[in-house]
Amino acid sequence: MATRIDRSQVAVTALRLLNEVGLEGLTLRRIAKELDVQAPALYWHFKNKQELLDEMATEMFRRMGTALCAVDSSDWQAVMTGAAHVIRDSVLGYRDGAKVFGGTRFRGSDYARPVDTLMQTLVDAGFTLPAAARAWFTVQCYTLGHVTEEQSVYPFPGGERDPYYDEAQRTQRLEGHPLTADAGQVFFNDLDTGFETGLRAVIAGIEATLLPANR
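Bear in mind that the values here come from a model prediction, so they are computed numbers and not experimental data. All chains use their own residue numbering, which begins from 1 and follows the written sequence. Under the rules for a predicted model, residues below a pLDDT of 70 receive no local features and side-chain atom pairs below 80 are neither given nor counted, while totals for whole chains, interfaces and linings still include all residues. Derived side-chain values reflect all non-hydrogen atoms in the structure, with water molecules and hydrogen atoms excluded from consideration.

Novice: For this particular structure, what's the right way to read the packing of helix H5 (residues 76–92) against helix H8 (residues 129–153)?
Specialist: Fitted lines through C-alpha atoms give the axes, limited to the stretch in contact for helices. The angle between two N-to-C directions lies from 0 to 180 degrees. A run of H or I in DSSP counts as a helix once it spans at least four residues, and a run of E counts as a strand once it spans at least two, with each numbered from the N terminus. At a closest axis distance of 10 Å, the pairing of H5 and H8 adopts a crossing angle of 35°. Crossing of H5 over H8 shows right-handed handedness. Residues Met80, Ala83, Ala84, Ile87, Arg88, Val91 and Leu92 of H5 form the contact with H8, whose participating residues are Ala135, Trp136, Val139, Gln140, Thr143, Leu144, Val147, Glu150 and Gln151. Here the residues of the contact of H5 with H8 sort into 11 nonpolar, three polar and two charged. A clockwise turn of the near helix away from the far one marks a right-handed crossing, whereas an anticlockwise turn of less than a right angle marks a left-handed crossing. For this analysis, residues touch if any pair of their heavy atoms sits within 4.5 Å. Polar here means any residue other than Ala, Val, Leu, Ile, Met, Phe, Trp, Tyr, Cys and Pro, which are nonpolar, and Asp, Glu, Lys and Arg, which are charged; Gly is therefore polar.

Novice: Is there a simple way to explain the nonpolar core in this structure?
Specialist: Within soluble globular proteins, side chains that are nonpolar tend to cluster in buried spots. In plain words, nonpolar cores are sets of buried Ala, Val, Leu, Ile, Met, Phe, Trp, Tyr and Cys residues tied together by side-chain atoms within 4.5 Å. Summary of the burial criterion: residues with accessible area below 20% of their type's maximum are buried, those above 50% are exposed, and those between are partly exposed, where the area comes from a 1.4 Å probe applied to protein chains only. Core analysis: the largest hydrophobic core is formed by 56 residues, its most contacted members being Met56 and Phe127. Apart from the residues lying within four places of it in its own chain, the contact partners of Met56 are Ala11, Ala14, Leu15, Leu18, Leu26 and Val100.

Novice: Would you mind showing me how to read the UniProt feature "DNA-binding region" (unreviewed entry) in the protein here?
Specialist: UniProt positions are given in the numbering used here, feature names are shortened, and annotations may be inferred rather than shown by experiment. Per the UniProt record, the feature "DNA-binding region" (unreviewed entry) sits at residues 27–46. Secondary structure within residues 27–46 divides into 65% helix and 0% strand; the distance between the first and last C-alpha atoms comes to 12 Å.

Novice: Is there a simple way to explain empty space enclosed by the protein in this structure?
Specialist: Taking a probe equal in size to a water molecule and rolling it over the atoms shows the remaining empty space. Points on a 1 Å grid, built from protein atoms alone, make a cavity when a 1.4 Å probe fits but cannot get out and make a pocket when they are open with protein on both sides within 12 Å along at least 5 of 7 lines; residues with an atom within 4 Å of a point are the lining residues. Grid points are joined across faces, edges and corners, and a volume is the space filled by probe spheres set on the points. Evaluation of the coordinates by the stated rule reveals one cavity of 30 Å³ or more. Each pocket or cavity is described by its volume, and for the largest cavity that value is around 30 Å³. Residue lining of the largest cavity: Arg161, Tyr165, Glu167, Arg170, Gly184, Gln185, Phe188 and Asn189, and that is the complete set. Only helix H9 (167–173) and helix H10 (178–188) provide two or more residues apiece to the lining of the largest cavity. Per-element tally for the lining of the largest cavity: the top contributor is H10, with three residues.

Novice: So what exactly am I meant to see when it comes to the packing of helix H1 (residues 7–25) against helix H2 (residues 28–35) here?
Specialist: To describe two helices that pack against each other, one gives the angle between their axes and the distance between the axes. Where H1 meets H2, the axes come as close as 10 Å, and the angle between the chain directions of the two elements is 125°. In terms of orientation, H1 lies oblique with respect to H2. Both H1 and H2 take part in a crossing whose hand is right-handed. Residue-level contacts link Gln9, Val10, Thr13, Ala14, Arg16, Leu17, Glu20, Val21 and Gly25 of H1 to Arg30, Ile31, Glu34 and Leu35 of H2. Taken together, the residues of the contact of H1 with H2 break down into six nonpolar, three polar and four charged. Each angle is binned into one of four classes, with values under 35 degrees roughly parallel, values over 145 roughly antiparallel, values of 65 to 115 roughly perpendicular, and all other values oblique.

Novice: Sorry if this is basic, but what is going on with the packing of aromatic side chains here?
Specialist: Given two aromatic rings, their pairing is described by the distance between the two centres and the angle made by the two planes. Pairing of aromatic side chains here covers Phe, Tyr and the six-membered ring of Trp, requires ring centres within 6.5 Å, and sorts the geometry by plane angle: under 30 degrees stacked, over 60 edge-to-face, intermediate tilted. Considering all chains together, one arrives at 10 aromatic pairs under this definition. Where Tyr142 meets Phe195, the ring centres are 5.5 Å apart and the plane angle is 20°; that geometry is what we call stacked. Note that Tyr142 is positioned in helix H8 and Phe195 in helix H11 (residues 191–210), a separation of 53 residues in sequence. Assessed through its relative accessible area of 19%, Tyr142 is described here as buried. Using a relative accessible area of 0% as the deciding quantity, one classes Phe195 as buried. Three or more aromatic residues joined by ring pairs form one cluster here, namely Phe61, Phe101, Phe106 and Tyr111. Whether a charge sits over a ring depends on NZ of Lys or CZ of Arg being within 6 Å of the ring centre and within 35 degrees of the ring normal. Sitting over the ring of Phe195, Arg88 keeps its end group 4.7 Å from the ring centre.

Novice: So what exactly am I meant to see when it comes to H11 here?
Specialist: Since there are 3.6 residues in each turn of an α-helix, residues three or four apart along the chain are aligned in direction. With 20 residues, H11 should reach 28 Å at 1.5 Å per residue; the first-to-last C-alpha distance of 27 Å fits that figure. Regarding H11, the residues found buried are Leu191, Phe195, Gly198, Leu199, Val202, Ile203, Ile206 and Leu210. The arc enclosing the buried residues of H11, seen along the axis, measures out at 140°, which places them on a common side. Facing away from the buried side of H11, by more than 90 degrees, are the exposed residues Arg200 and Ala201. Check the buried side of H11 and you find it contacts H5, H8 and H10. To estimate how far a helix should reach, multiply one less than its number of residues by 1.5 Å. As used here, the arc belongs to the directions running from the helix axis to the C-beta atoms.

Spelled out as structure tokens, the structure:
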């Protein structure tokens, strides 16, 4: 009897495999083998890999939904900071997680509840809806961009630092460019502090440029 599968089951399996094989090694054929079905069975649900990535990103966001809605504060800056942390922590848990999550199209509509909650918080704080949308999109893009760089330095969740970012070797490669070499110490070390510092700058910029009372 043939095994019956659905889109959600495929996405969940793909996310489980991601830490093992990475984005490059994640193929429909590899997922089919894990599910013990023939590869053509997956093409019934996904025409190509991009559709699979869309479903994977949607599943990732579903898993964040409860935590995003639980960010509880009447202070919009704290809500934005908390939501950014939820996304960062979640995406860092998957190998190549930022590459999978970013630039994809969410499926269905169950992801919308956390976004509605965030938008309402910002509108209640005095943002217009267009400004609230731009504010959250900016925070999300900053967060995913930072995680993309983090996952270049530490490719495996909880794993070792990529040897390419060895400080001594990098300084040697950049001999004659001391400012670039020193800047790299900021870029690629103490990534937690770097994320916090950048996020504060982003939120301060949002307050200065998008909140009507400050314009």
